[in-house]
Amino acid sequence: MSTTYRSAGLARRTDSLTSSAIRDLLALTARDDVIGLAGGLPATDLIPVDRIAAAAEAVLRRPDAVQYCETSGHRSLRGVIAARESLVRGGAPVPVESVIVTHGSQQALTLLAQALIDPGAVVVVDEPAYTGALQVFSIAEASIESIPITDTGMDTDELERRLTAGLRPVVVHTVANFHNPRGVTMSEQRRRHLAALADRYGFWVIEDDPYGEIYFDTTEFGIGAPPPIACHSDRVIRLSSASKILAPTLRVGWFVAPPSVCGAVELLKQGADLCGSSMTQSMAAEMLADTPWLDAHLDVLRREYACRATALTSALVAEFGDRLSVSRPAGGMFAWATFLDGTDTGELLDAALDHGVAFVPGTAFATGAQYRHSLRLSFAGSTPTVLAEAVRRLGSAHSASTRAT
């Protein structure tokens, strides 16, 4: 009698693994002579280091800060998040039990994919899409469908047409506020429409919102963005994070969802890490609950990022004129631009790196090559002076690339 074993190696799911193009680019451009406009990194100079240090000193006086906590997250932080979530929903109560704290919002997205998506199930994403979502859904072996976004967010009319024709997603993922990479914000009409479609067809909406707090003075909607999609349906799961408004190193993210989803994810999280860091979660709770300080800090972020966004887009217009169409961000961390002269931004990137500046080509945000003339640029991490120099270098790279062809 003989037994045949599968040869030692990696699991089949690893066959589809690809590294994030942006992560690879960050590693490639980690040189002092390169101005990085590629990564979605918050401004190091605006991270509240002194306040973080004070929070660490305060929480370390409590024994629970150095002990294991609940898998679902430190209760103090979950309470603060529930209260803040209630505010953005117009005062509608949000139970603490509906909040799960994760190791950054990327872990939340990964655990949700495990809980909601079977291999082969259909997942709808924005087009262009957040690369981290594409990576997660690919690992989950989902069948990914893309719906174009416009200046008012995901084209929910197109989504409805495909649903009517038979498309049956289990999840629709969107970045509704200050989209990554397009920078646009979904209109209230489309938020209501998407929520109604979720109720009618029974899919989950993952409303990924890491940038909603970073709005500039005003937007076309007034101050900030419209109310969350979650205001309009119980089939919406909201993700957010402390990384963009406090510090990435805290590794504090969270989601708010119905009990059935929270329960499933909690079991999965037990197998992943047992629990997160009591210390950093307690620190985040203290800072997020300190409303006067947080409001002042967010005012600084909004003012500075608005200034940097204007500096970048103005420099791009001055440098390239009508050869480049440039978005005008109303919040968040990114500007999206498209060359109208046929420039392939994947090819331009090589010249740009030689000239000491980095960006993300548009093809990184889609499965096809339809955005090969586009690029995403992050304005958050550089001062206006540095941004002006970055655009000058990009202009020189473009000229060199054009001569070479």
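Residues numbered from 1 in each chain as written. Predicted model: local features only at pLDDT ≥ 70, side-chain atom pairs only at ≥ 80, totals over all residues. Heavy atoms only, no water.

**Focus: the environment of Gly-79**
Test applied: Numbered from the N terminus, helices here are DSSP runs of H or I no shorter than four residues, and strands are runs of E no shorter than two.
Tracing the backbone through its elements, the reader meets Gly-79 in helix α3 (residues 75–88). Residues Gly-79 and Ser-382, 303 residues apart in the sequence, show an inter-C-alpha distance of 34 Å.

**Some remarks on empty space enclosed by the protein**
Short version of the rule: A pocket, in this scheme, is an open set of points on a 1 Å grid over the protein atoms alone with protein on both sides within 12 Å along at least 5 of 7 lines, while a cavity is a set where a 1.4 Å probe fits but cannot get out; residues line either one if an atom lies within 4 Å of a point. Grid points are joined across faces, edges and corners, and a volume is the space filled by probe spheres set on the points. All residues other than Ala, Val, Leu, Ile, Met, Phe, Trp, Tyr, Cys, Pro, Asp, Glu, Lys and Arg, Gly among them, are scored as polar; the first ten of these are nonpolar and the last four charged.
Inspection of the entire model under this criterion finds one cavity of 30 Å³ or more. Roughly 40 Å³ of internal volume is contained in the largest cavity. Taken together, Pro-42, Ala-43, Leu-46, Ile-47, Pro-48, Lys-244, Ile-245, Leu-246, His-297, Leu-301 and Tyr-305 make up the lining of the largest cavity. Among the residues making up the lining of the largest cavity, the classes are represented as nine nonpolar, one polar and one charged.

**Thoughts on the sheet that holds strand β8 (residues 236–241)**
The condition that has to hold: Following DSSP output, two strands are said to pair if at least two bridges run between them. Contacts were defined at the residue level, with two residues in contact if any of their heavy atoms lie within 4.5 Å. The angle between two axes is taken between their N-to-C directions and runs from 0 to 180 degrees, where each axis is a line fitted to C-alpha atoms and a helix contributes only its stretch in contact.
Within the open sheet, the eight strands sit side by side as β2-β9-β8-β7-β6-β3-β4-β5. Their pairing is mixed. The open sheet terminates on both sides in strands that have one partner only, identified here as β2 (99–102) and β5 (153–154). With four bridges connecting them, strand β7 (residues 204–208) and β8 associate as parallel partners. The partner of Glu-207 across the bridge, within β8, is Arg-238. α3 rests against β2, β8 and β9 (253–256) of the sheet, and its axis sits at about 120° to β2. Taken strand by strand, helix α7 (residues 188–201) contacts β4 (143–150), β5, β6 (169–174) and β7, and its axis lies near 145° from that of β7.

**Regarding unusual backbone geometry**
This is how it is decided: Buried means the residue's accessible area, taken with a 1.4 Å probe over protein chains only, is under 20% of the maximum for its type, while exposed means over 50%, and partly exposed covers the values in between.
With an omega dihedral of 5°, the bond running from Glu-127 to Pro-128 counts as a cis peptide bond. Residue position: Pro-128 is located in the loop between β3 (122–127) and α5 (131–139). A cis amide bond, omega 20°, links Asn-180 with the succeeding residue Pro-181. Along the chain, the position of Pro-181 falls in the loop between β6 and α7. One non-glycine residue, Phe-178, adopts positive backbone phi at about 55°. Tracing the chain through its elements places Phe-178 in the loop between β6 and α7. At Leu-274, a residue that is not glycine, the phi angle is positive and equals roughly 65°. Relative to the elements of secondary structure, Leu-274 occurs in the loop between α8 (259–272) and α9 (278–289). By relative accessible area, Leu-274 is classed as exposed at 51%.

**Points about the sheet that holds strand β10 (residues 324–326)**
With antiparallel pairing, the four strands of this open sheet are ordered in space as β10-β11-β14-β13. Two strands lie at the open edges of the sheet, namely β10 and β13 (360–361), each paired on one side alone. Here two bridges tie β13 to strand β14 (residues 374–378), and the two strands are oriented antiparallel to one another. For Val-360, the partnering residue across the bridge sits in β14 and is Arg-376. Across the sheet, helix α10 (residues 291–320) touches β10, β11 (334–339) and β14, and the angle it forms with β10 is around 165°.

**Description of the confidence of the model for the protein**
Note: predicted coordinates in regions of low pLDDT should not be interpreted at a detailed level. Selection rule: Confidence of the predictor in every single residue is expressed as pLDDT, which spans 0 to 100.
When pLDDT is averaged across the protein, the result is 93; 93% of the residues are at 70 or more. Note that residues 1–6 has pLDDT below 50 and, in this model, one contact with residues that lie over four places away or in other chains.

**Some points on the pairing of β11**
When you tally the buried positions in β11, you get five out of six residues, the bulk of the element. Pairing between β10 and β11: three bridges, direction antiparallel. Across the sheet, the residue bridging to Ser-325 is Thr-338, located in β11.

**Looking at the state of the cysteines**
As a reminder, the rule being used: By disulfide we mean two sulfur atoms from cysteines, separated by a distance within 2.5 Å.
On inspection of all chains with the given rule, the structure shows zero disulfides. Of all cysteine sulfurs in the structure, the one in Cys-69 sits closest to Cys-275, which takes part in no disulfide; the separation is 4.5 Å.

**Looking at the pairing of β14**
Counting buried residues along β14, five of its five residues qualify, which places the element largely inside the surrounding structure. Taking every second residue as pointing to the same face, both faces of β14 are buried, with Ser-374, Arg-376 and Ser-378 on one and Leu-375 and Leu-377 on the other. Where β11 meets β14, five bridges bridge the pair, whose relative direction is antiparallel. Residue pairing for β14: Ala-337 is matched across the bridge by Leu-375.

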